[in-house]
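# Notes for the structure review
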Amino acid sequence: MKHETGTYSKEIYDENHPEEMQELLDFANMVFSMSYGGTDFASLLPKAYARSRWHVPTHHMIRENGRIRALIDTYPLVMKLGGETPAARKIKAAYVGTVCVHPASRGKGYMIELMKRAEEDALQQGCALMLLDGDRHRYQYFGFECAGVGYRFQMEQNNIRHCCAQTYSAAYMASSVYSFEELDEHSPYLDFLYGLYQRRVVTARSREAFWLCLQSYHAAVYVILRGSEPAGYVNLSEDEKTILEIEMDEPGELPRAVYDLMIGFELPQLCAKIGMDETAYIRQFEKMCDNCSAAMSHQIKILDYKAVLEFLLSWKQKYHTLAEQECVIGIIKGEEQIPEKYLVSVTKECICVSRTERAADVVLGALALIRTLTTGLGIAFEQSIPVDWLPLPCYLPDADTF
């Protein structure tokens, strides 16, 4: 397809295409380095750009005279409720990333074309959802909006010390209980730790990708050892100032483990990023923290409203009993004036969403719907949707982003 002076192509490479992948990575590294300093996508996102994972992302490109001038990659996610069980509810999603246009080719409409092509491909692949991160108002033009809430807990050593003194005996605090060993891809603990990961309300990683995902953005992952036995894992940011993800076999031991982490790593301060569905950890971090803040997380575009609404409501019902109610939501998409109407029904037996001709209880634009349902702002501004349902969760750890 010709577009101005460029030609579009969709590519999936593998280990047999080293020259093509090197050209793509060189282009992405160059464009991003011009704005953000030195960038190396192979080390930044090994889950997609390590050689063994080249086959995973889909590359949408526009070339001029054979040379890449615009690029969007999509990374596939299968989001699951209930781990690897056959009965797990699933939706497919496409995470958009590595969005870049050569400075000399900007203003030609290449990004508009590539976003359209990426969405068409996501629909063909059966994706119900697209996600990305970045400039909110830039991506609103393409139908994306901020969604979901994540919590940030800020802690200092004194906070942890006082919390542990209130929680555990003096004898239990007399010496360290937990130690931390950095993992590599050959660690004998990985199967056990992946089992702990599967206890999360929503999962999005295969066993094959588990360790590589935790390396995203130069983060490091440590096994939490109780003596010589694994008790959990913690994913730390590159500067070791933020817990990006943590899982323990006994969540009640979290304060003790965080205390040993801060003392052992000589961290005067530590932040933890937690999703609103991680209720056991929220209770523990609330006791430990000096302060807490909430922020919107990813940006999403809904491709299949029935599938996404059912999934998000089922996600919340995993940790919060929803009121048994019905609501008809009208959604205005693009320049359309007549809304698509969906009957959303929550009962003890099931959560069901279906198209309907009934009068809408509320009519919202596509972007307003995302904000209303998933950010908590709907509680204040939109009373037609059952308040008990809001906000719906839509948060993934950094290891799942792209």
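For the structure itself, look to the data block above.
Residues numbered from 1 in each chain as written. Predicted model: local features only at pLDDT ≥ 70, side-chain atom pairs only at ≥ 80, totals over all residues. Heavy atoms only, no water.

### Some thoughts on the pattern of salt bridges
Spelled out, the test is: Note on definitions: salt bridges are taken to be side-chain nitrogens of Lys or Arg within 4 Å of carboxyl oxygens of Asp or Glu. The numbering of helices and of strands both runs from the N terminus, where a helix is a DSSP run of H or I of at least 4 residues and a strand a run of E of at least 2. Only protein chains enter the accessibility calculation, which uses a 1.4 Å probe; a residue whose area is less than 20% of its type maximum is buried, one above 50% is exposed, and one in between is partly exposed.
The final tally for this structure, using the stated rule, is 22 salt bridges. In this structure, glutamate 64 engages lysine 108 in a salt bridge whose closest nitrogen and oxygen atoms are separated by 2.9 Å. Taken together, the residues span a long stretch of sequence, with glutamate 64 in strand β3 (residues 58-64) and lysine 108 in the loop between β5 (89-101) and α4 (110-124) at a distance of 44 residues. Since its relative accessible area comes to 22%, lysine 108 is described here as partly exposed. Among the ionic pairs, glutamate 278 bridges to arginine 200, the shortest N-O distance being 3.3 Å. With glutamate 278 in the loop between β14 (269-275) and α10 (279-288) and arginine 200 in the loop between α7 (190-197) and β10 (202-203), this pair connects stretches of sequence that are 78 residues apart.

### Comments concerning the packing of helix α6 (residues 157-167) against helix α9 (residues 254-264)
Each pair of packed helices can be described by the angle between their axes along with the distance between the axes. In plain terms, the rule: Only the stretch in contact is used when fitting a helix axis, every axis being a line fitted to C-alpha atoms; angles between N-to-C directions are given from 0 to 180 degrees. A clockwise turn of the near helix away from the far one marks a right-handed crossing, whereas an anticlockwise turn of less than a right angle marks a left-handed crossing. Any two residues having at least one pair of non-hydrogen atoms within 4.5 Å are treated as being in contact. Gly is put with the polar residues, along with every residue not named as nonpolar or charged; the nonpolar set is Ala, Val, Leu, Ile, Met, Phe, Trp, Tyr, Cys and Pro, and the charged set is Asp, Glu, Lys and Arg.
The N-to-C vectors of α6 and α9 enclose an angle of 145°; their axes lie 10 Å apart at closest approach. Note on packing geometry: the crossing formed by α6 with α9 is left-handed. Of α9, the residues touching α6 (which contributes Gln157, Ile160, Arg161, Cys163 and Cys164) are Pro255, Arg256, Val258, Tyr259, Met262 and Ile263. A breakdown of the residues in the contact of α6 with α9 according to their chemical character gives eight nonpolar, one polar and two charged.

### Digging into the sheet that holds strand β17 (residues 326-332)
For clarity, the cut-off: Here, any two strands with at least 2 DSSP bridges between them count as paired.
If you walk across this open sheet you meet the four strands as β19-β18-β17-β20, and the pairing is mixed. Every other strand in the sheet has two partners, leaving β19 (351-355) and β20 (362-365) as the edge strands with one partner each. Strand-to-strand twist of the sheet, defined as the mean angle between neighbouring strand axes without regard to direction, takes the value 25°. Looking at chain direction, strand β18 (residues 340-346) and β19 are connected through five bridges and run antiparallel. Bridging across to β19, valine 346 finds its partner in isoleucine 351.

### Quick look at a negative patch on the surface
Selection criterion: Exposure above 30% relative accessible area and no salt bridge define the residues that can form patches, which grow by joining like charges within 9 Å and nonpolar side chains of Val, Leu, Ile, Met, Phe, Trp and Tyr within 5 Å. Residue exposure ignores everything except the shown protein chains as possible cover, and the areas themselves are Shrake-Rupley values with a 1.4 Å probe. None of His or the chain ends enter the tally, which takes Lys and Arg as positive and Asp and Glu as negative. Positions of charges follow a simple convention, taking NZ of Lys, CZ of Arg, CG of Asp or CD of Glu.
Taken together, Glu181, Glu182, Asp184 and Glu185 make up a surface patch of like negative charges. Along the polypeptide, glutamate 185 turns up in the loop between β9 (178-182) and α7.

### What to know about helix α1 (residues 18-36)
Threshold: Here the expected length of a helix is defined as 1.5 Å per residue gap, with one fewer gap than residues.
In this model, α1 (19 residues) spans 26 Å end to end at C-alpha, consistent with the 27 Å of a helix rising 1.5 Å per residue. Buried within α1 we find Met21, Leu24, Leu25, Phe27, Ala28, Asn29, Val31 and Phe32. Lining the buried residues of α1 we find α2 (41-44), α3 (46-49), β3, β4 (67-81) and β5. Just downstream of α1 lies glycine 37, where phi reads positive at about 85°.

### Notes on α4
Counted at 1.5 Å a residue, the expected span for α4 with its 15 residues is 21 Å, and the 21 Å between its end C-alpha atoms agrees. Within α4 the residues assigned to the buried category are Tyr110, Met111, Glu113, Leu114, Met115, Arg117, Ala118, Asp121 and Ala122. Glycine 126 sits one or two positions beyond α4 and adopts a positive phi of about 80°.

### As for the packing of aromatic side chains
Going by this rule: The aromatic pairing rule takes the rings of Phe, Tyr and Trp, using the six-membered ring of Trp, and pairs them if the centres are within 6.5 Å, calling planes under 30 degrees apart stacked, those over 60 edge-to-face and the rest tilted.
If you walk through the whole model with that rule in mind, you get 17 aromatic pairs. Judged by centre distance (5.8 Å) and plane angle (75°), the rings of phenylalanine 41 and tyrosine 49 are edge-to-face. For phenylalanine 41, a relative accessible area of 4% corresponds to the buried category. For the ring pair tyrosine 151 and phenylalanine 153, a centre distance of 6.3 Å and an interplane angle of 50° mean the geometry is tilted.

### Some details on unusual backbone geometry
The amide bond that connects leucine 390 to the next residue, proline 391, takes the cis arrangement and shows omega of -10°. Among the structural elements, proline 391 can be located in the segment after α13 (377-381). Phi at asparagine 65 takes a positive value of approximately 50°, unusual for a residue other than glycine. When you line up the elements, asparagine 65 lands in the loop between β3 and β4. With a relative accessible area of 81%, asparagine 65 lands in the exposed category.

### A word on the sheet that holds strand β13 (residues 242-248)
The strand order across the open sheet formed by seven strands is β9-β11-β12-β13-β14-β8-β15, and the pairing between neighbours is mixed. Edge positions in the sheet fall to β9 and β15 (291-296), since each has one partner strand and no second. Neighbouring strand axes in the sheet, compared pairwise and without regard to direction, differ in orientation by 30° on average. Two strands pair when backbone bridges link them, and strand β12 (residues 229-236) and β13 are joined in this way by five bridges, in the antiparallel orientation. Among the inter-strand pairings, leucine 236 is bridged to a residue of β13, identified as isoleucine 243.

### Things to note about the pairing of β18
Of all seven residues in β18, seven are buried; the element is thus mostly enclosed. Along β18, one buried face is formed by Glu340, Tyr342, Val344 and Val346 and the opposite face, lined by Lys341, Leu343 and Ser345, is buried too. Judged from the six bridges that link them, β17 and β18 form a sheet pairing that is antiparallel. The partner of isoleucine 331 across the bridge, within β18, is glutamate 340.

### Observations regarding the side chain of threonine 374
The criterion, for reference: Definition of a polar contact: a pair of N or O atoms within 3.5 Å, with one able to donate and the other able to accept a hydrogen when the atoms are protein atoms, and with sequence-neighbouring residues admitted only if both atoms are side-chain atoms.
Counting through the fold element by element, threonine 374 comes out in helix α12 (residues 366-374). In this structure threonine 374 comes out as buried when scored by relative accessible area, which is 2%. Looking at threonine 374, its side chain comes within polar contact range of the main-chain nitrogen of glycine 148, at 3.0 Å. For threonine 374, the side chain forms a polar contact with the main-chain oxygen of isoleucine 370, separated by 2.8 Å. If near-sequence neighbours (up to four positions away) are discounted, threonine 374 is found in contact with Cys146, Ala147, Gly148, Val149, Leu312, Pro391, Leu392 and Cys394.

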